[in-house]
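Listed below, chain by chain, are the residues.
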Amino acid sequence: MQVDLDRWHHCAVDKQEFVKLLKKSDYQGFKHMFIFFGSLLIFGYFAYITWGTWWSLLFFLIYGNIWNCADPIWHETGHKTAFKTNYWNNFFYQIGSYMNGFEPVRWRWSHFRHHGYTYFDDPLDFEIAIRKPADVFYFFSLFIPFFDFINFKKTSQYETILHAIGIKTEVMKQVIPEKEHQKCINSSRIHVGIWLLIIIISIATQSWLPVLYFVLPSYYGITLKRLFGLTQHTGLKDNIKDHRYSTRTMHLNPIFSFLYWQMEYHIEHHMFPTVPSHNLPKLHELIKDQMPPAKKGLLSAYSEIIPTILKQAKDPSYELKVAVPQ
């Protein structure tokens, strides 16, 4: 199959149906937020009332993994498709960014680059965590609670600290416009200031609870977020303008699909990023005959990803074969 490298491939979709899919909804946005933050409060409460027992450890792990599923909140509001009203998109974008450990200015611009040059080396897509040759140890370490303290120099929090003290990183130089640099620095200082304030409160109250609830979830509750996020592009073909080769779609159970905010339909999202996530399942049904078969759950996705990165660690030229309809 010949692929036109000068333009992105888009699957054919009925225009009238597509217009319907573009409709944004405040109702859908608030429904997600109500269930998400409600679940967070419930498990946070269980962690509190069982504090001092092993049950608290379990509830904090659940709380932390729900907390980090603010990643799709950051993402969807950043695309301004979570709500019809832009005020609410911007409001929850700031909240989702903090919860996700992302400084909002940097990640708005890097995500713009990510969609313009998905999985490219030149210009570099800064949002790809695992590149060829794959670092196998780093890949598996990403799922381990608190291991980000060992990988700290590779975390978004470390980058935020660098920006907060005025160091201009490579991503700032390459992705963020010069006129936005100070805004990024100021925003980074706010995030670092919040972390320090919460740590001071924990010290003053002689309690771990403030940092366990509002700082450390980004370190102990990362497993589910990473399990979702690393399915998006890991092991697939890079430097190609056809998302069917560089991006992965899968089906998830209703709970995981809610937490991931339907981003498991990731080829569809990259191909048509203006479609709100609640309509991605409908979009999938319209174009699935033009797409590679969707993976059936996380197990199916990782049964493909893990062997691929093991091979790419030894042979960076190895490419996963994707069954794209001709």
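On a predicted model such as this, the values are computed, not experimentally measured, just so you know. (Residues numbered from 1 in each chain as written. Predicted model: local features only at pLDDT ≥ 70, side-chain atom pairs only at ≥ 80, totals over all residues. Heavy atoms only, no water.)

Is there a simple way to explain the packing of helix H4 (residues 71–78) against helix H5 (residues 86–100) in this structure?
Packing of H4 against H5 leaves a shortest axis separation of 8 Å and a crossing angle of 145°. Viewed along their axes, H4 and H5 form a crossing whose handedness is left-handed. Residue-level inspection shows Asp71, Ile73, Trp74, Thr77 and Gly78 of H4 in contact with H5, the latter providing Asn89, Phe92, Tyr93, Gly96, Ser97 and Asn100. Split into classes, the residues belonging to the contact of H4 with H5 amount to four nonpolar, six polar and one charged. (Axes fitted to C-alpha atoms, helices over the stretch in contact; angles between N-to-C directions. Helix = DSSP H or I, 4+ residues; strand = E, 2+ residues; numbered from the N terminus. Left-handed = near helix turned anticlockwise from the far one by under 90°. Contact = heavy atoms within 4.5 Å. Nonpolar A, V, L, I, M, F, W, Y, C, P; charged D, E, K, R; others polar.)

Looking at this model, I keep getting lost on empty space enclosed by the protein. Mind explaining?
What the rule picks out here adds up to one cavity of 30 Å³ or more. Each pocket or cavity is described by its volume, and for the largest cavity that value is around 30 Å³. Surrounding the largest cavity, Gln28, Gly29, Glu76, Thr81, Ala82, Trp261, Ser277 and His278 form its lining. Within the lining of the largest cavity, the residues separate by chemical class into two nonpolar, five polar and one charged. (1 Å grid on protein atoms, 1.4 Å probe; cavity = no way out; pocket = protein on both sides within 12 Å on 5 of 7 lines; lining within 4 Å. Points joined across faces, edges and corners; volume = space filled by probe spheres on them.)

I keep staring at helix H10 (residues 181–205) and nothing clicks. Help me out?
Since the α-helix turns once every 3.6 residues, residues separated by three or four places project in the same direction. The terminal C-alpha atoms of H10, which comprises 25 residues, lie 36 Å apart, in line with the 36 Å expected from a rise of 1.5 Å per residue. Those residues of H10 hidden inside the fold are in contact with H5, helix H6 (104–116), helix H8 (156–164), helix H9 (170–175) and helix H11 (209–214). Directly after H10, the chain includes Gln206, whose backbone phi takes a positive value near 50°. (Expected span 1.5 Å × (residues − 1).)

Explain the nonpolar core here, please?
For soluble globular proteins, the rule of thumb is that nonpolar side chains tend to be buried together. Counting 61 residues, the largest nonpolar core has Phe60, Phe139 and Phe228 as the members making the most contacts within it. Contact partners of Phe139, with chain neighbours within four places excluded, come to Ile130, Leu230, Thr234, Tyr302, Ile305, Ile306 and Ile309. (Core = buried A, V, L, I, M, F, W, Y, C linked by side-chain atoms within 4.5 Å. Buried < 20%, exposed > 50% of the residue type's maximum accessible area, 1.4 Å probe, protein only.)

For this particular structure, what's the right way to read the layout of surface pockets?
Empty space left among the atoms is revealed by rolling a probe the size of a water molecule over them. Roughly 1,300 Å³ of volume is contained in the largest pocket. Taken together, 47 residues make up the lining of the largest pocket; nearest its centre are Trp107, Phe126, Glu127, Ile128 and Ala129. Residue assignment for the lining of the largest pocket shows that the elements contributing at least two residues are H4, H6, H8, H9 and helix H13 (223–229). Top contributing element to the lining of the largest pocket by residue count: H8, with five residues. Class assignment for the residues of the lining of the largest pocket results in 18 nonpolar, 15 polar and 14 charged. As a volume, the second largest pocket reaches approximately 260 Å³. As for the second largest pocket, its lining consists of 13 residues, of which Gly78, His79, Arg108, His111 and Phe112 are closest to the centre. Looking at the lining of the second largest pocket, the elements that each hand over two or more residues are H4 and H6. Ranked by residue count, the leading element in the lining of the second largest pocket is H6, at seven residues. Among the residues making up the lining of the second largest pocket, the classes are represented as six nonpolar, six polar and one charged.

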